[in-house]
Amino acid sequence: MSAAESATSIQKNQVDLLDFIDWSGLECLNQSSSHSLSNALKQGYREDEGLNLESDADEQLLIYIPFTQVIKLHSIVVTGSEEEGPKTVKLFANREHMGFSNVSDFPPSDTAVLSPDNLKVALLCLSFHRELINLITFTISSSFQGKPVVLKYVKFQNVRSLTIFIEDNQSSSEITKVQKIALYGSTVETTDMKGLKKIEDH
């Protein structure tokens, strides 16, 4: 990793931030019309190995994810193929209205250079001892989790939106494929971003 460290597991006090994504405000530039962001981000879709987010005209993708509450972002999981999976991933906190024409004008909050190990789906072997039966469901759900990248936590303390710039892929091929994107962290109290916006508009 250049500016980020890899980790083997998500800390217990960090949660999947899926429920705090403002789905109505999602954007993804240069996505294939038939292989959109939903495939990599939505529950159920992102666990399906047959579904991917794919780039269109070239290998780059620019993803904008707003949140319904202010969050603290701790780590990110990205999975994909060893050849067409993302390599250089730049993350920008609270940076709106970015495009390919100006993404290089702003310093990223953090940059992750993903290795094939980060992209792999970690399949866990089960030992079916009687005392472990209650853990089987958890283990199966964990088997779809790639190797997390721990971010510069100080840079992601009060995040209202996250922009993810996938700059290239593992083999410099023309198409980048992303199976899963998962964000882990915690909420900052209970700030309702939509309610806050309504108050500001008055």
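Owing to the predicted nature of the structure, the values given are computational and were not obtained by experimental measurement. (Residues numbered from 1 in each chain as written. Predicted model: local features only at pLDDT ≥ 70, side-chain atom pairs only at ≥ 80, totals over all residues. Heavy atoms only, no water.)

A few points about the overall build of the chain
Applicable threshold: Helix and strand labels come from DSSP, where a helix needs a run of H or I of at least four residues and a strand needs a run of E of at least two; each type is numbered from the N terminus. The rule is simple: take the accessible area with a 1.4 Å probe, protein chains only, and divide by the maximum for that residue type; under 20% is buried, over 50% is exposed, in between is partly exposed. Here, two residues are considered to be in contact whenever any of their heavy atoms come within 4.5 Å of each other. To measure how exposed things are, a 1.4 Å probe is used in the Shrake-Rupley method; for residues, cover is taken only from the protein chains shown.
Secondary structure summary: the chain contains four helices and eleven strands in total. Looking at the chain as a whole, 44% of its 202 residues qualify as buried. If you take every contact in the chain between residues at least 6 apart in sequence, the share linking residues at least 24 apart comes to 83%. Accessible surface computed for the chain: about 11,000 Å², of which carbon and sulfur atoms make up 49%.

Some points on the environment of leucine 114
Tracing the chain through its elements places leucine 114 in the loop between strand 7 (110–113) and helix 2 (116–119). On the basis of relative accessibility, which here comes to 6%, the residue leucine 114 falls in the buried class. Residues leucine 114 and lysine 87, 27 residues apart in the sequence, show an inter-C-alpha distance of 4.8 Å.

Side note on the environment of leucine 26
Note on placement: leucine 26 falls in the loop between strand 2 (15–16) and strand 3 (27–29). Between the alpha carbons of leucine 26 and tyrosine 64 there is a distance of 5.7 Å; along the sequence they are 38 residues apart. Sequence-distant contacts of leucine 26, that is, excluding residues within four places in its chain, are made with Ile21, Leu37, Leu41, Tyr64, Ile65 and Pro66.

Some details on the nonpolar core
It is characteristic of soluble globular proteins that their nonpolar side chains tend to be buried jointly. Using the following cut-off: As used in this record, nonpolar core signifies buried Ala, Val, Leu, Ile, Met, Phe, Trp, Tyr and Cys residues forming a set joined through side-chain atoms within 4.5 Å.
Formed by 32 residues in total, the largest nonpolar core has its most connected members in Ile63, Ile76, Ile164, Ile181 and Leu183. Considering every element that reaches this core, the biggest residue donor is strand 5 (residues 61–79), with eight residues. Leaving out residues up to four positions away in the same chain, isoleucine 63 has contacts with Glu27, Cys28, Leu37, Leu53, Leu162, Thr163, Ile164, Ile166 and Ile181.

Concerning the packing of aromatic side chains
Using the following cut-off: Stacked, edge-to-face and tilted are the three classes for Phe, Tyr and Trp ring pairs, Trp counted by its six-membered ring, which pair at centre distances within 6.5 Å; planes under 30 degrees apart are stacked, over 60 edge-to-face, the rest tilted. Here, a charge over a ring means that NZ of Lys or CZ of Arg falls within 6 Å of the ring centre while also lying within 35 degrees of the ring normal.
Tallied over the full model, the rule gives one aromatic pair. Here the aromatic rings of phenylalanine 100 and phenylalanine 165 are separated by 6.3 Å at their centres, their planes lie at 65°, and the arrangement is edge-to-face. A residue pair is termed long-range when its members are at least 10 positions apart, and phenylalanine 100 in the loop between strand 6 (88–93) and strand 7 and phenylalanine 165 in strand 9 (residues 159–166) qualify at 65 residues. A cation sits over an aromatic face here: lysine 42 above tryptophan 23, 5.7 Å from the ring centre.

Comments concerning the pairing of strand 9
For clarity, the cut-off: A pair of strands is treated as paired once DSSP finds two or more bridges between them.
Counting buried positions along strand 9 yields seven of eight residues, so the element is predominantly enclosed. Where strand 5 lies against strand 9, seven bridges are found, and the strand directions are antiparallel. Looking across to strand 9, one finds that isoleucine 65 is bridged to leucine 162. Direction of pairing for strand 6 relative to strand 9: antiparallel, over a ladder of five bridges. Of the residues in strand 9, the one forming a bridge with alanine 93 is leucine 162.

Describing unusual backbone geometry
Most peptide bonds take the trans form, and the phi angle of most residues other than glycine is negative. One non-glycine residue, histidine 97, lies in the positive phi region at around 60°. For histidine 97, the location among the structural elements is in the loop between strand 6 and strand 7. Here serine 172, not a glycine, exhibits a phi torsion of approximately 60°, which is positive. If you trace the backbone, serine 172 turns up in the loop between strand 9 and strand 10 (177–178). Owing to a relative accessible area of 65%, serine 172 belongs among the exposed residues under this scheme.

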